[in-house]
Amino acid sequence: MRVIKSEWHQVEKRYAIDIDEDVWNEIYEDATGEEIEEIIRQLKDGELEVSSVIEDAYTNDVTIDWDWLDEDDWWTDRKGGYDVTYEIAND
């Protein structure tokens, strides 16, 4: 499952991560395969926010290696004070 992270400056800055089985198992190390499948289903059906999974990863000390989708260097990026949103990319 690919998740897109957007930082909202005066322009949008986009990152992506492809979450494979290993990452799911690292985030939810005590969960069964069925429980992880249920989380994925809830994400796809819009019943669960992607930010909850990202927060779970950070809570469980899982490093999220975001791929940067843009090549620009913006002053607002270095300034800070921006919002972050997440979305699921179509498979």
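Residues numbered from 1 in each chain as written. Predicted model: local features only at pLDDT ≥ 70, side-chain atom pairs only at ≥ 80, totals over all residues. Heavy atoms only, no water.

Visitor: Honestly, the sheet that holds strand E3 (residues 67-68) in this entry has me stumped. Any pointers?
Guide: In space, the 4 strands of this open sheet follow the order E3-E2-E1-E4, with antiparallel pairing throughout. At either end of the open sheet lies a strand with only one pairing partner, and these are E3 and strand E4 (83-88). With 6 bridges connecting them, strand E1 (residues 2-8) and E4 associate as antiparallel partners. Of the residues in E4, the one forming a bridge with Ile4 is Glu87. Most of the contacts of helix H3 (residues 50-59) go to E4, to which it runs at about 110 degrees, and overall it touches E1 and E4. (Pairing = 2+ DSSP bridges. Helix = DSSP H or I, 4+ residues; strand = E, 2+ residues; numbered from the N terminus. Contact = heavy atoms within 4.5 Å. Axes fitted to C-alpha atoms, helices over the stretch in contact; angles between N-to-C directions.)

These results come straight from atomic positions and should not be treated as a statement about function.
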